Amino acid sequence: MNLKFLQSMHFRSSIIIAGLFAFLFFKMYNPNPVNPEKEALILQGIISSIESVHFNPKPIDDNFSKHVYKTYLERLDNGKRFLTQKDIDQLKKYELQIDDQVNRRSFEFFNASLPLLENGINKAKAYYREIMEGPFDFNGEGMIEMDGEKRKYAKDDADLKKYWKDVLEFEVMSKWVSSMSERDSKKDGENPKTDEELKQEAIKDIKKRFGDWFERLDKLRRSDRLEVYFASISNYFDPHTDY
């Protein structure tokens with residue numbers, strides 16, 4: 001089997017799955033009820049397409065299950081901003097069951113993840129609203145890890161709230177320091193704003209930025225999360241196979 005033929009098979013894989021999703025998501029679009037039959041049909045289409053166009057596809061086994069479990073959770077909450085270690089512990093039992101669920105076209109793991117994520121987003125939103133009312137402490141010492149890949153999940157809700165307080169204070173302080181530096185660089189400016197005025201502007205700016213972000217999160221539907229789950233499945237067979 002030559003290289004061009006293999007490349008052609010991978011290319012057709014992406015095209016077939018893209019077409020499948022474009023059609024089925026359009027047909028199933030409905031923001032309210034869950035439709036297990038149509039979701040199972042999409043999953044069936046993905047697996048059938050992969051099996052028909054991939055040369056010697058990898059088996060759906062425990063290795064598959066581990067990959068989907070890890071990849072999906074990383075993409076679902078890629079900054080570790082919402083889920084706690086307690087949430088992850090609840091989902092851990094599914095780590096070696098996803099292959100069986102996919103083979104019978106069921107969604108126990110996916111369904112279990114959604115209320116945990118939704119609850120985590122709602123908690124984060126409440127923390128954000130409370131913290132942005134102040135007061136702010138810019139005298140604390142210590143480091144905050146902003147890289148989600150390096151940071152561990154918060155142990156519990158109290159730890160998650162501390163993370164949000166640290167992040168928001170860091171964002172406000174960074175904006176405030178930047179504004180003061182910009183002001184000070186304009187030596188001949190008239191009526192420069194005071195440090196306090198710039199601090200209040202920084203608070204207002206960060207409050208709006210995160211408020212807009214939470215509004216966008218609120219608009220995500222089950223089908224958006226399902227897209228992430230299906231992509232995690234597809235990428236196991238080929239990192240370039242997607243929809």
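Look a little higher up for the structure.
On a predicted model such as this, the values are computed, not experimentally measured, just so you know.

### Details of the overall build of the chain
The helix and strand inventory of the chain stands at nine helices and zero strands. Reading the secondary structure of the chain in the N-to-C direction produces α-α-α-α-α-α-α-α-α. Here the chain holds 243 residues, and the buried ones make up 41% of them. When contacts within the chain are restricted to residue pairs at least 6 apart in sequence, those whose partners lie at least 24 apart make up 80%.

### Some words on the nonpolar core
If you look at the biggest cluster of nonpolar residues, it comprises 57 residues, and the most contacted ones within it are Leu 73, Trp 164, Tyr 229 and Ile 233. Elements with a minimum of two residues in this core: helix H2 (36–53), helix H3 (62–76), helix H4 (85–91), helix H5 (98–103), helix H6 (108–131), helix H7 (157–185), helix H8 (195–218) and helix H9 (222–237). A per-element tally of this core places H6 first, with 11 residues. Here Tyr 229 is in contact with Val 68, Tyr 72, Ile 98, Val 102, Phe 107, Phe 109 and Phe 110, once residues within four sequence places are set aside.

### Structural notes on the packing of H3 against H6
Running from N to C, H3 and H6 cross one another at 25°; their axes reach a closest spacing of 12 Å. Classified by the interaxial angle, the pair formed by H3 and H6 is roughly parallel. Note that H3 runs across H6; the crossing there is right-handed. Within the contact between the two elements, H3 uses Tyr 69, Tyr 72, Leu 73 and Leu 76 and H6 uses Phe 109, Phe 110, Ser 113, Leu 114 and Leu 117. Across the contact of H3 with H6, the residue classes tally to eight nonpolar, one polar and no charged.

### Considerations on the environment of Asp 99
Relative to the assigned elements, Asp 99 resides in helix H5. Remark: the alpha-carbon pair of Asp 99 and Ile 233, spanning 134 residues in sequence, is separated by 9.8 Å. Once residues lying within four places of it in the same chain are set aside, the contact partners of Asp 99 are Ile 60, Asp 61, Asp 62, Phe 64 and Ser 65.

### Some words on unusual backbone geometry
Here Gly 134 and Pro 135 are connected by a cis peptide whose omega angle stands at 0°. Turning to its location among the elements, Pro 135 is positioned in the loop between H6 and H7. Phi is positive for Lys 80, which is not a glycine, with a value near 55°. The topology assignment puts Lys 80 in the loop between H3 and H4. Take Lys 80: its relative accessible area is 17%, and that puts it in the buried class. The phi dihedral of Arg 105 falls on the positive side, at around 60°, and the residue is not glycine. Within the element layout of this structure, Arg 105 appears in the loop between H5 and H6.

### Remarks on the packing of aromatic side chains
Considering all chains together, one arrives at 24 aromatic pairs under this definition. Taking 5.3 Å as the distance between ring centres and 80° as the angle between the ring planes, the aromatic pair formed by Tyr 236 and Phe 237 counts as edge-to-face. Classification of Phe 237 by relative accessible area gives buried; the value is 13%. One aromatic cluster is present, built from ring pairs that chain together Tyr 69, Tyr 72, Tyr 94, Phe 107, Phe 109, Phe 110, Tyr 229 and Phe 230. Directly above the aromatic system of Tyr 236 lies the positively charged group of Lys 58, at a separation of 4.0 Å from the ring centroid. Here the guanidinium or amino end of Lys 199 rests over the ring plane of Trp 176, the centre of that ring lying 5.7 Å away.

### Brief notes about H8
Along its 24 residues, H8 runs 35 Å from first to last C-alpha, staying within 8% of the 34 Å computed at 1.5 Å per residue. Where H8 is concerned, the buried positions are Leu 198, Ala 202, Ile 203, Ile 206, Phe 210, Gly 211, Phe 214 and Leu 217. The inward-facing, buried residues of H8 contact H6, H7 and H9.

### Structural notes on the side chain of Glu 171
Inspection of the secondary structure puts Glu 171 in helix H7. Taking relative accessible area as the criterion, Glu 171 reaches 19% and is therefore assigned buried. The residues contacting Glu 171, other than those within four sequence positions of it, are Met 146, Ile 206, Arg 209 and Phe 210.

### Some words on H3
With 15 residues, H3 should reach 21 Å at 1.5 Å per residue; the first-to-last C-alpha distance of 21 Å fits that figure. Taken residue by residue, H3 has Phe 64, Ser 65, Val 68, Tyr 69, Thr 71, Tyr 72, Leu 73 and Leu 76 as its buried positions. Those residues of H3 that are buried lie in contact with H4, H5, H6 and H9. Taking the backbone nitrogen of Asn 63 as reference, a side-chain oxygen 3.1 Å away marks Asp 61 as the first, capping residue of H3.

The rules behind each value
Residues numbered from 1 in each chain as written. Predicted model: local features only at pLDDT ≥ 70, side-chain atom pairs only at ≥ 80, totals over all residues. Heavy atoms only, no water. Helix = DSSP H or I, 4+ residues; strand = E, 2+ residues; numbered from the N terminus. Buried < 20%, exposed > 50% of the residue type's maximum accessible area, 1.4 Å probe, protein only. Contact = heavy atoms within 4.5 Å. Core = buried A, V, L, I, M, F, W, Y, C linked by side-chain atoms within 4.5 Å. Axes fitted to C-alpha atoms, helices over the stretch in contact; angles between N-to-C directions. Parallel < 35°, antiparallel > 145°, perpendicular 65-115°, else oblique. Left-handed = near helix turned anticlockwise from the far one by under 90°. Nonpolar A, V, L, I, M, F, W, Y, C, P; charged D, E, K, R; others polar. Phe/Tyr/Trp six-rings, centres within 6.5 Å; stacked < 30°, edge-to-face > 60°. Lys NZ or Arg CZ within 6 Å of the ring centre and 35° of its normal. Expected span 1.5 Å × (residues − 1). Polar contact = N/O pair within 3.5 Å; in protein donor to acceptor, adjacent residues only side chain to side chain.

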